[in-house]
Amino acid sequence: MKSKLMTAAAAVALLAVGPAAVAQAPAPTATEAKTFVENAETQLAKANEFGARAAWVRANFITEDTQWLEAMATAQQSELATRLAKDAARFNGVATDAVTARKLKLLKLYLVAPPAGRPGAADELANLLTKMDSAYSTGKFQHGGKTLTLDDAEEIMAKSRDPAELKAVWEGWHSIATPIKADYARFAGLSNEGARELGFKDTGALWRSNYDMEPDAFAAETDRLWKQVEPFYRNLHCYVRARLSEKYGASVQARTGPIRADLLGNMWAQQWANIYDVVQPKGVTSSYSLDKLLEAKAYDPVKMVKTGENFYSSMGFAPLPETFWQRSLITRPRDREVVCHASAWDIDDKDDVRIKMCTRVNAEDFQTVHHELGHNYYQRAYKEQPLLFRGAANDGFHEAIGDFAALSASTPTYLQQIGLLETVPGEAEDIPFLLKMALDKIAFLPFGLLVDKWRWQVFSGEVTPENYNQGWWKLRTQYQGIVPPGPRPADAFDPGAKYHVPGNTPYTRYFLAFIYQFQFQRAACQQAGWKGPLHRCSVYGQKAVGEKFNRMMELGQSQEWPKTLAVFTGETRTDASAVADYFKPLNTWLITQNKGEKCGW
Ligand code: X8Z
Ligand code: ZN
């Protein structure tokens, strides 16, 4: 009401002075633009901390009330951010200083799901987001007379070698997503409405605009990168399919065509290291299993995290604050519902960093601990930047920091240094080691790419709710070469069974990270003067490397990412040749192993 009156008053004033005066109304100045973004940062800082605390409480204690509180905080925060993004348009065409110009640009890209400006839109969107994330996180299903959570189901997917059981558990978990479908469709519409008000074609275009290039150019860039790694993926697929067919027989897994998604040791067939025992090379055995070493040395979840911290300390990073240990959630609590999908948090943009994960003592979570801590060290490195620059150079960097650390932390040399492994195996074990790594790192690439290909299609309207599942499986088969273990029910919403879809977290970041981490590794090992093969290089204890790495990290998103990448690597492009360098002996070996196979699907 008040703003209507003001509009009317302003119109009267304009009429009184006449149109000539309107034309001469002073354009906003560069100084005003600078003041505007600085004020925006102050307002956002306050709303963000409120939002982060509410989100933390909801994720650690999912109830009706915490969902209500989180949704309320999200709505306020996103209303503010969209209003500021729209106000920023006032300075279009104003010749501001470079810092202000970048901040104005980042303000527009600030939200992953921007609400429309009409009354009620922000509330509805925020409620849907909290509801979808909570539905996923509390998802359970019946199997063998028991109620299973996702962690129970993941354990079975990793360890069971019974195709009937794998199929049942796979289908059980996927059934939890069916009720999320309608909310997802509504969410996509609402988010698109907001994205269009900000001048983007749709939410997918908004997400693709976050890489310092045009959204179409970014899509082309991901295709270029995929082409660089696709032949290697196809070799791995071919080799794994043959071993699965030998293990289970052709009636379960044919030696040609796509692979059954439930046979790969992981609920989403995204990383396959859990079936190393099934696909291990004949004749060359691996002398250790990290899963078994951790168990034998009686690691517990806290010790896993302490070990991760020790790795970063060895590179010169300051220890984690005491509050990290007091406030993090490290194991699944028995008496309440939580979001178990691992995450790293920065509550106040100062020192209050935390992780939240339902840590299990195994090789997979050993990696995840390093991954999550990487987020925290990055957050701490850029905390002195102004708010709008407190972020990753691009979101792929955020995901790559900890994975880069984990590449070193996975080497036998390092495992021996910290007393987990007795003897470092010789070169004869390079292929088993690289195969294990490829089952995670190469198997992941098509999945990392297709999750957002699907969402880009959803947001653009190319895939409609009636076709959500068909569209999903079309991409899963095209890129990953996999199929579901049986026909899918008409109401299935299989993308919703992957955290980041109901959690609305963009996923291309991981595709990029699975390339950047090898660029970081190649550069780091060169800096350390390493002469051997890249996969044997560990930068544990290399303070000079850590210092240079930190110089890249502390820049946050203050400049275009290629410049930031160059600070550590000297390279200005995302380049999968680093992946090929790391895995070179394995690709050659796979080609030999695949002789006589009809590869592809
Ligand atoms: O979601 C994650 C992290 C949290 S940012 C645990 N990752 C992706 C996934 O689990 O799907 C890490 C690898 C890919
Ligand atoms: Zn992450």
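Let me begin by describing the structure that accompanies this report.

Cut-offs used in this document
- Note on numbering: residues in each chain are counted from 1, in written sequence order.
- As a convention, the first chain written is A and the first ligand written is 1, with the rest following in written order.
- Where totals are concerned, whole chains, interfaces and linings use all residues; where local detail is concerned, this predicted model gives features only for residues with pLDDT of at least 70, and gives and counts side-chain atom pairs only at 80 or more.
- Only hydrogens and water are set aside; all other atoms, that is, all heavy atoms of the structure, feed into the side-chain values.
- Pairs were defined over the aromatic rings of Phe, Tyr and Trp, the Trp ring being its six-membered one, requiring ring centres within 6.5 Å. Orientation was assigned from the angle between planes: stacked under 30 degrees, edge-to-face over 60, tilted for the rest.
- Going along the chain from the N terminus, every DSSP run of H or I of four or more residues is numbered as a helix, and every run of E of two or more is numbered as a strand.
- Here a cavity means grid points, on a 1 Å grid over the protein atoms only, where a 1.4 Å probe fits yet cannot get out; a pocket means an open set of points with protein on both sides within 12 Å along at least five of seven lines; lining residues are those with an atom within 4 Å of a point.
- Grid points are joined across faces, edges and corners, and a volume is the space filled by probe spheres set on the points.
- Residues are grouped as follows: Ala, Val, Leu, Ile, Met, Phe, Trp, Tyr, Cys and Pro are nonpolar; Asp, Glu, Lys and Arg are charged; all remaining types, including Gly, are polar.
- Think of it in three bands: residues with accessible area under 20% of the maximum for their type are buried, residues over 50% are exposed, and the middle band is partly exposed, with areas taken using a 1.4 Å probe on protein chains only.
- When DSSP locates at least two bridges between a pair of strands, those strands are taken to pair.
- Near residues are defined by distance, with any heavy atom within 4 Å of the molecule or strand qualifying the residue.
- Each polar contact in these results corresponds to two N or O atoms within 3.5 Å; when the atoms are within protein, one needs to be able to donate a hydrogen and the other to accept it, and residues that are neighboring in sequence are counted only if both atoms are side-chain atoms.
- For accessible areas, the Shrake-Rupley method is used with a probe of radius 1.4 Å. Any residue's cover is judged against the shown protein chains and nothing else.
- Comment: axis = line fitted to C-alpha atoms, over the contacting stretch for helices; angle = value between 0 and 180 degrees taken between N-to-C directions.
- Note on angle classes: values under 35 degrees are labelled roughly parallel, values over 145 roughly antiparallel, values of 65 to 115 roughly perpendicular, and the remainder oblique.
- By convention, the crossing between two helices is left-handed when the near helix turns anticlockwise from the far helix through less than a right angle, and right-handed when the turn is clockwise.
- By the convention used here, residues are in contact when the closest approach between their heavy atoms is within 4.5 Å.
- Counting rule for disulfides: a pair of cysteine sulfur atoms within 2.5 Å.
- Patch rule: a residue counts if its relative accessible area is over 30% and it has no salt bridge; like charges are joined within 9 Å, and nonpolar side chains (Val, Leu, Ile, Met, Phe, Trp, Tyr) within 5 Å.
- By definition, a salt bridge exists where a carboxyl oxygen of Asp or Glu is found within 4 Å of a side-chain nitrogen of Lys or Arg.
- Take the buried Ala, Val, Leu, Ile, Met, Phe, Trp, Tyr and Cys residues and link them wherever side-chain atoms come within 4.5 Å; each set so joined is a nonpolar core.
- The donor set covers N, O and S atoms within 2.8 Å of the metal, switching to 3.2 Å for Na, K and Ca, and it leaves out water, so a site may look short of donors.
- Four donors are marked tetrahedral only if all angles between them lie between 85 and 135 degrees, whereas four are marked square planar and six octahedral if opposite donors are more than 155 degrees apart and the other angles lie between 65 and 115; the remainder are marked irregular.

1. Section: the packing of aromatic side chains
This model, assessed by the stated rule, comprises 51 aromatic pairs. Look at Trp454 and Trp472: their rings are 5.9 Å apart centre to centre, the planes differ by 85°, and that puts the pair in the edge-to-face class. Taken as a pair, Trp454 in helix α19 (residues 430-460) and Trp472 in helix α20 (residues 468-480) lie far apart in primary sequence, 18 residues in all. Seen in terms of ring centroids, Phe520 and Phe568 are 6.1 Å apart; in terms of plane orientation they differ by 80°. Their pairing is edge-to-face. Taken together, the residues span a long stretch of sequence, with Phe520 in helix α21 (residues 508-527) and Phe568 in helix α23 (residues 561-569) at a distance of 48 residues.

2. Points about empty space enclosed by the protein
Counted under the stated rule, the structure contains 1 cavity of 30 Å³ or more. Considering only enclosed or pocket space, the largest cavity measures out at about 40 Å³ in volume. Lining the largest cavity, in full, are Trp207, Arg208, Tyr211, Phe218, Asp395, Asp452, Trp456, Pro506, Tyr507, Thr508 and Arg509. If you list the elements that add at least two residues to the lining of the largest cavity, you get α10 (203-208), α19 and α21. For the lining of the largest cavity, the residue count by class is 6 nonpolar, 1 polar and 4 charged.

3. Structural notes on the pairing of strand β5 (residues 353-356)
Residues Val353 and Ile355 of β5 are buried on one face, and the alternating residues Arg354 and Lys356, pointing to the opposite face, are buried as well. Here strand β4 (residues 343-346) pairs with β5 via 4 bridges, running antiparallel. Across the sheet, the residue bridging to Asp346 is Val353, located in β5. Between β4 and β5, which pair antiparallel in sequence order, lie 6 residues; one of them, Asp349, sits at a positive phi of approximately 60°.

4. Focus on the site of ligand 1
Around ligand 1 lies a shell formed by Gln270, His341, Ala342, His371, Glu372, His375, Glu399, Phe444, Lys498, His500, Tyr507 and Tyr510. Between an oxygen atom of ligand 1 and a side-chain N or O atom of His500, the distance comes to 2.8 Å. Between ligand 1 and Tyr507 there is a distance of 2.5 Å, counted from an oxygen atom to a side-chain nitrogen or oxygen. Taken by itself ligand 1 offers 370 Å² of open surface, and the protein chains cover 86% of this. A total of 3 residues in the shell around ligand 1 trace back to one element, the largest contributor, which is helix α16 (residues 363-381). Counted by class, the shell around ligand 1 contains 4 nonpolar, 5 polar and 3 charged residues.

5. Some words on the packing of helix α4 (residues 64-88) against helix α6 (residues 121-137)
Think of two packed helices as two axes; the pair is described by the angle between the axes and how far apart they sit. Their axes nearest at 8 Å, the elements α4 and α6 cross at an angle of 135°. For the element pair α4 / α6, the angle class is oblique. In the packing of α4 onto α6, the handedness of the crossing is right-handed. Together, Gln67, Glu70, Ala71, Thr74, Ala75, Ser78 and Glu79 of α4 and Ala122, Asp123, Ala126, Asn127, Thr130, Lys131 and Ser134 of α6 make up the contact between the two elements. Split into classes, the residues belonging to the contact of α4 with α6 amount to 4 nonpolar, 6 polar and 4 charged.

6. Focus on the state of the cysteines
The full count for this structure, using the stated rule, is 3 disulfides. Sulfur-sulfur distance for the disulfide between Cys238 and Cys599 comes to 2.0 Å. Measuring the twist about the S-S bond at about -75°, one finds the Cys238-Cys599 disulfide to be left-handed. Linking Cys238 in helix α11 (residues 215-248) with Cys599 in the segment after α24 (577-593), this pair joins segments that are 361 residues apart in sequence. Paired through a disulfide, Cys340 and Cys358 show a sulfur-sulfur distance of 1.9 Å. Of note, the bridge from Cys340 to Cys358 carries an S-S torsion of about -85° and is left-handed in sense. Taken together, the residues Cys340 in the loop between α15 (322-327) and β4 and Cys358 in the loop between β5 and α16 connect sequence positions 18 residues apart. The exposure class assigned to Cys358 is buried, which follows from its relative accessible area of 10%. Sequence-ordered numbering of the disulfide-bonded cysteines in the chain gives the connectivity 1-6, 2-3, 4-5.

7. With respect to a nonpolar patch on the surface
A contiguous nonpolar surface patch, about 320 Å² in accessible area, is contributed by Trp68, Leu69 and Met72. In this structure, Leu69 sits in helix α4.

8. As for the nonpolar core
Counting 164 residues, the largest nonpolar core has Val240, Phe520 and Phe583 as the members making the most contacts within it. Core analysis: the next-biggest nonpolar cluster, separate from the first, contains 17 residues, Leu44, Ala81, Leu84 and Leu107 among them.

9. A short note on unusual backbone geometry
One non-glycine residue, Ala298, adopts positive backbone phi at about 55°. Among the secondary structure elements, Ala298 is positioned in the loop between α13 (290-296) and α14 (301-314). The phi dihedral of Asn504 falls on the positive side, at around 45°, and the residue is not glycine. Following the sequence through the fold, Asn504 ends up in the loop between β6 (482-483) and α21.

10. Some words on the coordination of the zinc ion (ligand 2)
Protein-derived ligands of the zinc ion (ligand 2) are His371 (NE2), His375 (NE2) and Glu399 (OE), with the metal-ligand distances lying across 2.0 to 2.1 Å. Viewed at the metal, the 4 donor atoms of the zinc ion (ligand 2) are separated by angles of 89 to 130°, and the geometry they form is tetrahedral. Mapped onto the polypeptide sequence, the residues donating to the zinc ion (ligand 2) form the spacing pattern H-x3-H-x23-E. Within this pair, whereas His375 is found in helix α16, its partner Glu399 is found in helix α17 (residues 395-409), the two being separated by 24 residues in sequence. An identical accessibility class is assigned to His375 and Glu399; each is buried.

11. Focus on the packing of α11 against α24
Packing of α11 against α24 leaves a shortest axis separation of 10 Å and a crossing angle of 35°. The two elements α11 and α24 meet at a crossing, and its hand is left-handed. Seen from α11, the contacting residues are Gln228, Phe232, Asn235, Leu236 and Tyr239; seen from α24, they are Ser577, Phe583, Leu586, Asn587, Trp589, Leu590, Ile591 and Gln593. Tallied by class, residues from the contact of α11 with α24 come to 8 nonpolar, 5 polar and no charged.

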